[in-house]
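Spelled out, the chains give:
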Amino acid sequence: METDRWIAFRSHFNIESFYCRPGIEGAHEKGGVEGMIGYFRRNHFTPVPEVDSLAELNEMVDQWDLHDGHRRIGSRPRTVDEYFAVEQPLLMPLPQEPFETGRLFTPRVDRYSQITVRTNRYSVPIRLIGKRVRVILHASHLVVYENNVEVARHERLIAKGGCRLDLDHYLEALIRKPGAFPGATALEQARSAGKFTPVHDAWWDRAKRIHGERDGTRALIEVLLLGRHLAHEHLVAGLATALRAGALTADAVALEARKAAEDEPATIGSAPSSAAQAAASVTSLHEWRLAHLPPDTRPLPSVTPYDQLLRRRRTSGSEHREGEAQ
């Protein structure tokens, strides 16, 4: 019996399905397919490759597949790619729209700004608390949508009862209650993932010493909010520069991060110039504007005309003293 998903799949690609005979009677009907699977497994999955994620493994499989297109099967005169080039014009064109292979869920966001999908919990922005969202679960990741707009994306948890939190989803709440930030689970996961770096910690420690525990933490959260508009590596570079200059405000970090983004293409493959190094130390918006003004070629002002006023004052003063003497 065919499932609904299989019927949708073959309808999308206009596939006419037929089935082999079960058991020994049908064992010979697809020997070529099974043989190629065994060849691929013996040559590429022996020994088993070590990878950090399923996406990395899929990328390796794609590269192996391209490499196998250049080989010849047995004593055949052409390669696999050459045979496929002859066969491809005879095949039907692929549909314009891709087939959605993920599984659909519609969970409701709980009071902790999390959704539950297959016994695992994932965070979403806090503005969605109490709302129902649409989730597409794929083999290696899941995507959360609100009114067809993507609002969150997570790597899929494999074990049961896990929890994956994105620190960015809680920043609006934490900036109102900065005391909850140091012990937040989302912060610990951000540290483990490398998104909250030692540079963040160093800037945060200095900000707390200067502004106090509460205001220093709030300044750091304002910096983290900048990550929604600035690349992570540029934001870390801005934090490092601001830390060296002792500029412990979110505005200074934003300025340095934007300067790092602007200077990145010019510094690739070459050392930064002395002017660029000098500009990197500017942490005031007023000083940054002055540094980008064109050179002033006007002559320096002179105070010579004011000497005439001084002579007149001395002359009038001497006449006044002579009148008093008479």
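Refer to the preceding data block for the structure.
What counts and what doesn't
Residues numbered from 1 in each chain as written. Predicted model: local features only at pLDDT ≥ 70, side-chain atom pairs only at ≥ 80, totals over all residues. Heavy atoms only, no water. Pairing = 2+ DSSP bridges. Helix = DSSP H or I, 4+ residues; strand = E, 2+ residues; numbered from the N terminus. Axes fitted to C-alpha atoms, helices over the stretch in contact; angles between N-to-C directions. Left-handed = near helix turned anticlockwise from the far one by under 90°. Contact = heavy atoms within 4.5 Å. 1 Å grid on protein atoms, 1.4 Å probe; cavity = no way out; pocket = protein on both sides within 12 Å on 5 of 7 lines; lining within 4 Å. Points joined across faces, edges and corners; volume = space filled by probe spheres on them. Nonpolar A, V, L, I, M, F, W, Y, C, P; charged D, E, K, R; others polar. Parallel < 35°, antiparallel > 145°, perpendicular 65-115°, else oblique. Salt bridge = Lys/Arg side-chain N within 4 Å of Asp/Glu carboxyl O. Buried < 20%, exposed > 50% of the residue type's maximum accessible area, 1.4 Å probe, protein only. Phe/Tyr/Trp six-rings, centres within 6.5 Å; stacked < 30°, edge-to-face > 60°. Expected span 1.5 Å × (residues − 1).

Visitor: So what exactly am I meant to see when it comes to the pairing of strand S3 (residues 120-123) here?
Guide: When a strand is regular, its side chains alternate between the sheet's two faces. In this structure, strand S2 (residues 114-117) lies alongside S3, joined through 4 bridges in antiparallel fashion. Directly across from Gln114, in S3, lies its bridge partner Ser123. Counting the residues in the hairpin turn of S2 and S3 gives 2 residues, including Arg118, whose phi is positive at 55°. Across 2 bridges, the pairing between S3 and strand S7 (residues 163-164) is parallel. Looking at S7, one finds that Arg121 is bridged to Cys163.

Visitor: What is the right way to look at the packing of helix H7 (residues 198-211) against helix H8 (residues 213-225) in this model?
Guide: Between two packed helices, both the angle of their axes relative to each other and the distance between the axes serve to describe the pair. For the pair H7 and H8, the least separation of the axes is 7 Å and the interaxial angle reads 140°. The chirality of how H7 crosses H8 is right-handed. Across the interface between the two elements, His200, Trp203, Trp204, Ala207, Lys208 and His211 of H7 pack against Glu213, Asp215, Gly216, Thr217, Ala219, Leu220, Val223 and Leu224 of H8.

Visitor: It is not clear to me how the layout of surface pockets should be interpreted in this structure. Could you clarify?
Guide: Rolled over the atoms, a probe with the dimensions of a water molecule shows which regions are left empty. Looking at the largest pocket, its volume works out to about 380 Å³. Around the largest pocket, the lining is made up of 15 residues, and of these Asp168, Lys195, Leu224, Gly227 and His232 lie nearest the centre. Of the residues assigned to the lining of the largest pocket, the class counts are 8 nonpolar, 3 polar and 4 charged.

Visitor: What's the story with the sheet that holds S2 in this structure? I'm lost.
Guide: To summarise the sheet geometry, strands pair through backbone hydrogen bonds and adopt either a parallel or an antiparallel arrangement. What the 3 strands build is an open sheet, ordered S2-S3-S7; its pairing is mixed. Strand pairing shows two members of the sheet lacking a second neighbour, S2 and S7, which therefore form its edges.

Visitor: Even after reading the chapter, I still don't get the packing of helix H2 (residues 31-44) against helix H3 (residues 54-68), so can you show me in this structure?
Guide: One can describe the packing of H2 onto H3 by two numbers: an axis separation of 12 Å at closest approach and a directional angle of 115°. Overall, the two elements H2 and H3 adopt an arrangement that is roughly perpendicular. As H2 packs across H3, the resulting crossing turns out to be right-handed. In this structure, H2 uses Tyr39, Phe40 and His44 to contact H3, whose residues at the interface are Val61, Trp64, Asp65 and Asp68. Grouping the amino acids of the contact of H2 with H3 by side-chain chemistry returns 4 nonpolar, 1 polar and 2 charged.

Visitor: Before we go on, may I ask you to explain the pattern of salt bridges in this structure?
Guide: Should the charged atoms of two oppositely charged side chains come close, the side chains can pair. For the structure shown, the criterion picks out 12 salt bridges. Residue Asp168 is joined to Arg228 by a salt bridge in which the shortest nitrogen-to-oxygen separation is 2.8 Å. Of the two residues, Asp168 sits in the loop between S7 and helix H5 (171-176) while Arg228 sits in the loop between H8 and helix H9 (232-245), which places them 60 residues apart along the sequence. Judged by relative accessible area, Asp168 falls into the partly exposed class, the value being 25%. Relative accessible area serves as the criterion here: at 39%, Arg228 is assigned to the partly exposed category. Notably, a salt bridge pairs Glu213 with Lys208, separated by 3.8 Å at the nearest N-O pair. On the basis of relative accessible area, Lys208 is assigned to the partly exposed category, the value being 21%.

Visitor: Any chance you could explain the packing of aromatic side chains here in plain terms?
Guide: The geometry of an aromatic ring pair is captured by the separation of the ring centres together with the interplanar angle, meaning the angle of the planes. Counted under the stated rule, the structure contains 10 aromatic pairs. Ring centres of Phe9 and Phe13 lie 5.0 Å apart, and the angle between their planes is 55°; on these two criteria the pair is classed as tilted. We classify Phe13 as partly exposed; its relative accessible area is 30%. Relative to Trp204, the ring of Phe196 has its centre 6.3 Å away and its plane inclined at 85°; by these criteria the two rings are edge-to-face. You'll find Phe196 and Trp204 in the same group, each marked buried. A connected cluster of aromatic rings, assembled from ring pairs, spans Trp6, Phe9, Phe13 and Phe99.

Visitor: What exactly am I supposed to notice about the side chain of His44 here?
Guide: For His44, the location among the structural elements is in helix H2. A relative accessible area of 14% means that His44 is categorised as buried. Ignoring anything within four residues of it in the chain, the contact list for His44 reads Pro49, Trp64 and Asp68.

Visitor: Hey, could you run me through H9 in this one?
Guide: Think of an α-helix as turning once every 3.6 residues; residues three or four places apart then point the same way. End to end, H9 covers 20 Å across 14 residues, agreeing with the expected 20 Å (1.5 Å per residue, within 8%). Turning to H9, its buried residues are His234, Leu235, Val236, Gly238, Leu239, Thr241, Ala242 and Leu243. Immediately beyond the C-terminal end of H9, within one or two residues, lies Gly246, with a positive phi of roughly 75°.

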